[in-house]
Amino acid sequence: MARKALLISPELCIGCRGCQTACKAWNQLPATKTVNKGTFENPPDLTPNLYNRIRYVEVPSETNMVRWLFVSQRCMHCDDAGCIRICPAPGALFKTKEGAVAFDKNKCIGCKLCVAGCPFNVPRYDEKDKISKCHLCSDRIAEGLSPACAKTCPTGAIAYGDRDELIAKAQKAGYQKLYGEADLGGLGVLYAFKDAPKLYGMIEKPEIPETVLFWHKVLKPLSYIGLAGAVAAAALHYIAIGPKRDEGGE
Amino acid sequence: MTQYIKKATAAEIINHWLLAGSFFLLAITGFGFLFKLEWMASIFGSFHSMRTIHNWSGVVFIIALLGTVFHYLPVALSWSKDDIEWFKKAGGYLSKGVKVPPQDIINAGQKLFYLFLLISGIVIAASGFVIWLMAGVREWVLISHLLHNIAFDLLVIAIPLHIYLGTLANPGTFRIMVYGTVPVEWARKRHGKWVQRLGY
Ligand code: SF4
Ligand code: SF4
């Protein structure tokens, strides 16, 4: 099946937050009380009950006093997902056939290692310490529907579809390179940025932490190779040289 | 009649078994998590219960490890020329009939092994507690995850060798973990200095 993705176009977003609401409605997530901190951005961060949110970035300049960027923030559904790499519980985090990174709370053991593996600071935990994050409405897309956020978005700022088609469409619209096109094997959430990603509050070059990759590639295999090597060395020694016996005295 | 001398007290024996038992549980559950082994998890019930067992075995492990400090650390820190000589001859393990210098209640190799175990054991336990108790604190968990796995690799290499040396490679050694005693003649050849100090 063709890999699915979301294409986020901040320049089209009007900050209505219909996507936040639709997500909560579909995923049956309660609202959280927040306080006004002098910005329209609300809530201030992802929570276990908030899978996606609009980041409000104010970038006033001489020429444009009110430049306001609205950026959808959520799990990026990485192709090479750090969260899946590091998770010790099989099936707690998994890839759907559409390429979404979904989760199964029953299988999550609440170790929170995925926080350490994720380059985007996405995983959150519910009151039972179970993983909670955007799963690209994996239940909806499995039935051929679009995710609740994309379905609701009135301006097309969140577009859902075949990843390749979305990229082709964006290229036609003049976006040479999309954010997430190639990072981490290709993200499942693409961004059409007109400026540096940093301006939109995104990391320039997302990467799985070096230590996690080193662990995955070197330390993991070394554990059983080392164990087998030690046992083999002992066996070899036993056969070739043999135990220290006392026979014959000194 | 064979004459025996006491090499390990009851406290040392019990402590060593606690250390060994907790290490065994930690290592196999560790492999279970490392490679997401469903069959391993099913032995312990589930990945949930395997996590609980792993974490609490860690508590037993660190308590027993700190207990060993009273048993082995002072002697493990006392090095002499004989210890260096012992290493030069590889403890007599690499060929038959090599004579090694007289050793204390534990030999030079055991001293080094103990110091290694103490350090790597503290590292793996401390990093384990960070992963457990500071879950979600990214920077701390990342460095701990790395240290935990490095120490794991070192230990799963070193411990099998330790077990081999304490059983098959040296007949007569394993009984120390059961009875705490060894024949005087056996000890004289392996722990000459200690036997002499005891006045045998
Ligand atoms: S918290 Fe759950 S999903 Fe995250 S790494 Fe641990 S078991 Fe996996
Ligand atoms: S953004 Fe984070 S949580 Fe989402 S798939 Fe990538 S690594 Fe996993």
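Residues numbered from 1 in each chain as written. Chains lettered and ligands numbered in written order. Predicted model: local features only at pLDDT ≥ 70, side-chain atom pairs only at ≥ 80, totals over all residues. Heavy atoms only, no water.

Caption draft 1: The arrangement of the domain arrangement of chain A in detail. Residue and element names in this part refer to chain A. What the domain assignment reports for chain A is domain 1 (4-200) and domain 2 (209-250). Between domain 1 and domain 2, the C-alpha centre-to-centre distance is 46 Å. Each partner contributes residues to the interface: domain 1 has four residues there, and domain 2 has five residues. Both sides of the domain 1 and domain 2 interface together cover about 450 Å² of buried area, and 69% of this is carbon and sulfur. Linking domain 1 to domain 2 there are zero salt bridges. (Domains from an automatic or database assignment. Contact = heavy atoms within 4.5 Å. Buried area = accessible area lost by both parts, 1.4 Å probe. Salt bridge = Lys/Arg side-chain N within 4 Å of Asp/Glu carboxyl O.)

Caption draft 2: Summary view of the site of ligand 1. Within the structure, ligand 1 sits among 14 residues, and Cys87(A), Cys108(A), Cys111(A), Lys112(A) and Cys114(A) are positioned closest to it. Looking at the shell around ligand 1 residue by residue, the classes come out as twelve nonpolar, one polar and one charged. (Near = heavy atom within 4 Å. Nonpolar A, V, L, I, M, F, W, Y, C, P; charged D, E, K, R; others polar.)

Caption draft 3: Structural context of the sheet that holds strand β9 (residues 189-191) of chain A. Residues and elements named next belong to chain A. A sheet is described by the order of its strands in space; here three strands give the open sequence β8-β1-β9, paired in mixed fashion. Where the open sheet ends on each side, the last strands, each with one partner, are β8 (158-162) and β9. Averaged over all pairs of adjacent strands, the angle between their axes in this sheet comes to 30°, without regard to strand direction. In the sheet, strand β1 (residues 4-8) pairs with β9 via three bridges, with the strands oriented parallel. Looking across to β9, one finds that Ile8 is bridged to Tyr191. Helix α6 (residues 163-172) rests against β1, β8 and β9 of the sheet, and its axis sits at about 125° to β8. (Pairing = 2+ DSSP bridges. Helix = DSSP H or I, 4+ residues; strand = E, 2+ residues; numbered from the N terminus. Axes fitted to C-alpha atoms, helices over the stretch in contact; angles between N-to-C directions.)

Caption draft 4: A look at the side chain of His77(A). Residues and elements named next belong to chain A. By secondary structure assignment, the location of His77 is in the loop between β3 (68-73) and α2 (82-86). The exposure class assigned to His77 is buried, which follows from its relative accessible area of 0%. Apart from the residues lying within four places of it in its own chain, the contact partners of His77 are Arg3, Gly99, Ala100, Val101, Lys133, Cys134, His135, Leu136, Gly186, Leu187, Gly188 and Val189. (Buried < 20%, exposed > 50% of the residue type's maximum accessible area, 1.4 Å probe, protein only.)

Caption draft 5: Examining unusual backbone geometry more closely. All names here are of chain A. Of the consecutive residues Asn42 and Pro43, the connecting peptide bond is found in the cis state with omega at -10°. Even without glycine at this site, Lys112 takes up a positive phi of about 65°. Structurally, Lys112 is set in the loop between β5 (101-103) and α3 (113-117). Unlike most non-glycine residues, Asp129 shows phi in positive territory, near 65°. Within the fold, Asp129 resides in the loop between β6 (124-125) and β7 (131-132).

Caption draft 6: Structural view of the pattern of salt bridges. All names here are of chain B. All chains considered together, the criterion is met by 16 salt bridges over all chains. With a shortest N-O distance of 3.1 Å, Lys193 and Asp82 are connected by a salt bridge. Note that Lys193 is positioned in helix α8 (residues 192-198) and Asp82 in helix α4 (residues 81-88), a separation of 111 residues in sequence. Lys193 gets classed as partly exposed once you look at its relative accessible area, which sits at 27%. Asp82 gets classed as partly exposed once you look at its relative accessible area, which sits at 22%. Measuring nitrogen to oxygen at the nearest pair gives 3.7 Å for the salt bridge that ties Glu85 to Lys88.

Caption draft 7: Spatial organisation of the pairing of β1(A). Residues and elements named next belong to chain A. The buried fraction of β1 amounts to five of the five residues, a majority that puts the element mostly inside the structure. Neither face of β1 is open: one carries Lys4, Leu6 and Ile8, the other Ala5 and Leu7, and all of them are buried. In this structure, β1 lies alongside β8, joined through five bridges in antiparallel fashion. Across the sheet, residue Lys4 finds its bridge partner in β8, namely Asp162.

Caption draft 8: How the structure looks around the packing of aromatic side chains. Applying the stated rule across the entire model yields 23 aromatic pairs over all chains. For the pair Phe31(B) and Phe35(B), a centre-to-centre distance of 6.2 Å together with 15° between the ring planes defines the contact as stacked. Owing to a relative accessible area of 27%, Phe35(B) belongs among the partly exposed residues under this scheme. Ring pairs connect the aromatic residues Phe40(A), Tyr56(A), Trp68(A) and Phe70(A), which therefore count as one cluster. (Phe/Tyr/Trp six-rings, centres within 6.5 Å; stacked < 30°, edge-to-face > 60°.)

Caption draft 9: Spatial organisation of the interface of chain B and chain A. The interface of chain B with chain A comprises 40 residues on the first partner and 44 residues on the second. Here chain B and chain A share an interface that buries about 3,800 Å² over both sides, 65% of which is from carbon and sulfur atoms. Summed over the shared surface of chain B and chain A, the number is zero salt bridges. Counting the contacts that link chain B with chain A gives 18 residue pairs in polar contact (both at pLDDT 80 or more). Among the secondary structure elements, those contributing two or more residues to the side of chain B that touches chain A are α1 (10-34), α3 (47-76), α6 (138-166) and α7 (184-190) of chain B. Take the side of chain B that touches chain A: its biggest share by element is 14 residues, from α6(B). (Polar contact = N/O pair within 3.5 Å; in protein donor to acceptor, adjacent residues only side chain to side chain.)

Caption draft 10: Seen up close, the layout of surface pockets. Residues and elements named next belong to chain A. Reported here for the second largest pocket is a volume of approximately 180 Å³. Lining the second largest pocket are Lys177, Leu178, Tyr179, Asp183, Tyr191, Phe193, Asp195, Pro197, Glu204 and Lys205. Its residues assigned to classes, the lining of the second largest pocket comprises five nonpolar, no polar and five charged. (1 Å grid on protein atoms, 1.4 Å probe; cavity = no way out; pocket = protein on both sides within 12 Å on 5 of 7 lines; lining within 4 Å. Points joined across faces, edges and corners; volume = space filled by probe spheres on them.)

Caption draft 11: Up close: the pairing of strand β2 (residues 53-58) of chain A. Residues and elements named next belong to chain A. In terms of burial, β2 is a largely internal element, five of the six residues being buried. Sheet analysis places β2 next to β3, joined by six bridges and oriented antiparallel. In the sheet register, Glu58 faces β3, and the bridge partner there is Trp68.

Caption draft 12: Region of interest: the nonpolar core. Counting residues in each nonpolar core, the largest one holds 95 residues, and the members touching the most others are Met76(A), Phe120(A) and Tyr191(A). When residues of this core are assigned to their parent elements, the largest contribution, nine residues, is made by α6(B). Residues within four places of Tyr191(A) in sequence aside, it is in contact with Ile8(A), Val71(A), Ser72(A), Gln73(A), Met76(A), Leu178(A), Tyr179(A) and Met202(A). Residues Ile13(B), Trp186(B), Ala187(B) and Val195(B) belong to the second largest nonpolar core, which totals ten residues. (Core = buried A, V, L, I, M, F, W, Y, C linked by side-chain atoms within 4.5 Å.)

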